[in-house]
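Survey of secondary and tertiary structure
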Amino acid sequence: MNDGTIDVFTLIALIAAVVVVLKLRSVLGRRTEDDDARIERQARERELGDQSPSGTSDNVVTLPRPGTDLDDHKSEPSRPTAEEIRERIQKMANNDPRLTKGLESVLAADPEFDPDHFIDGAKQAYELIVTAFAEGNLKVLRDILSDDVYRSFAQAVKEREKDGVVLDQTFVGINKANVLEAEVADGAASVVVRFGSEMISVTRDESGEIKAGDPNQVEDITDIWTFSRDVSTSRARANPNWQLVATQAPN
């Protein structure tokens, strides 16, 4: 039509189009209570997914268990097979039947035990403990050491403070970490490790003057430490943390 008027059919079509648009907006543009609940649930799930599960204190050294990687939490290596674990035990025991038997007893008490992961964690624990002791950081040492060892370390730290001396120590690195003994007794797994490390250790007085040691001399240090962990029940085995329960000087 050319007179500027709209015919009835065109008007009906326009009205129908408006009704369809309004209907779609009423459905697609409004969140229902179910939608709100779903969105809130998804948000909670994302939030939980971003949180790292932790059932232990930050001061506890967890010797790594199979399936974990302390350097890259995103990496989840698969659990070694039983045959691979036994091969690792044989390699660590170095054809020593007594040590092989001891490590196998730990594995029997805790099927998740992996000697390679244990020794990696023991090295980390060694560096942390040595550094915390030099700094006099008893808070860090509290959960890593058994009561007897903690009292011994704490006493040494207090005597240094009383005498007004400071242990200036630089940890260079660990050259060796060899398992000497392993056993399970009275529900506790124990593993004895001999560490060979390098450190620069200097004792200074309150004025900073050197009383002992050489800041330019790297010393070779050998320590024999015993780590222990409760494996008496499934609940105890769920806690992967080991404690330092004994120290001794090499013969």
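In this text the structure is predicted, and so the values were computed from the model without any measurement.

Conventions adopted
Residues numbered from 1 in each chain as written. Predicted model: local features only at pLDDT ≥ 70, side-chain atom pairs only at ≥ 80, totals over all residues. Heavy atoms only, no water. Helix = DSSP H or I, 4+ residues; strand = E, 2+ residues; numbered from the N terminus. Buried < 20%, exposed > 50% of the residue type's maximum accessible area, 1.4 Å probe, protein only. Contact = heavy atoms within 4.5 Å. Areas by Shrake-Rupley, 256 points an atom, 1.4 Å probe, with all protein chains shown as cover. pLDDT = per-residue confidence, 0-100. Core = buried A, V, L, I, M, F, W, Y, C linked by side-chain atoms within 4.5 Å. Axes fitted to C-alpha atoms, helices over the stretch in contact; angles between N-to-C directions. Nonpolar A, V, L, I, M, F, W, Y, C, P; charged D, E, K, R; others polar. Phe/Tyr/Trp six-rings, centres within 6.5 Å; stacked < 30°, edge-to-face > 60°. Lys NZ or Arg CZ within 6 Å of the ring centre and 35° of its normal.

For the protein, the helix and strand inventory stands at eight helices and five strands. Within the span of the protein, comprising 251 residues, buried residues form 32% of the whole. Taking the contacts inside the protein whose residues are at least 6 apart along the sequence as the reference set, 61% of them involve residues at least 24 apart. Total accessible area computed for the protein in this model is approximately 16600 Å², and 49% of it derives from carbon and sulfur atoms.

This paragraph deals with the confidence of the model for the protein. Residue-level pLDDT values for the protein average 79, and 69% of them are 70 or greater. Long-range and interchain partners of residues 17–32, a stretch whose pLDDT sits below 50, account for five contacts in this model, where long-range means more than four residues apart.

Before going further, it helps to spend a moment on the nonpolar core. Counting 42 residues, the largest nonpolar core has Leu145, Val193 and Phe227 as its most contacted members. Sorting the residues of this core by element identifies helix H3 (82–93), helix H4 (97–109), helix H5 (115–135), helix H6 (138–142), helix H7 (147–163), strand S1 (166–185), strand S2 (188–204) and strand S4 (219–230) as the ones contributing at least two each. If you tally residues by element for this core, the top one is H5, at eight residues. For Val193, the contacting residues outside a window of four places in its chain are Phe118, Ile119, Ala177, Asn178, Val179, Asp223, Ile224, Trp225 and Phe227.

Moving on, we get to the packing of H5 against H7. Across the interface, H5 lies against H7 with an axial gap of 9 Å and an inter-helix angle of 30 degrees. On H7, the residues that touch Ile129, Phe133, Ala134 and Glu135 of H5 are Phe153, Ala156, Val157 and Arg160. For the contact of H5 with H7, the residue count by class is six nonpolar, no polar and two charged.

The next point concerns the packing of aromatic side chains. Per the stated rule, a full pass over the model turns up 10 aromatic pairs. Ring geometry for Phe195 versus Trp225: centroids 5.8 Å apart, planes at 70 degrees, classification edge-to-face. Here Phe195 is found in strand S2, whereas its partner Trp225 is found in strand S4, with 30 residues between them in sequence. As far as burial versus exposure is concerned, Phe195 and Trp225 are alike and both buried. Ring geometry for Phe195 and Phe227: centres 6.3 Å apart, planes at 85 degrees, overall edge-to-face. One end of the pair, Phe195, is in strand S2; the other, Phe227, is in strand S4, with 32 residues separating them in the sequence. When sorted by exposure, Phe195 lands in the same class as Phe227, which is buried. Positioned above the aromatic ring of Tyr150, the side-chain terminus of Arg142 is 4.0 Å from the ring centre. Positioned above the aromatic ring of Phe133, the side-chain terminus of Arg160 is 4.9 Å from the ring centre.

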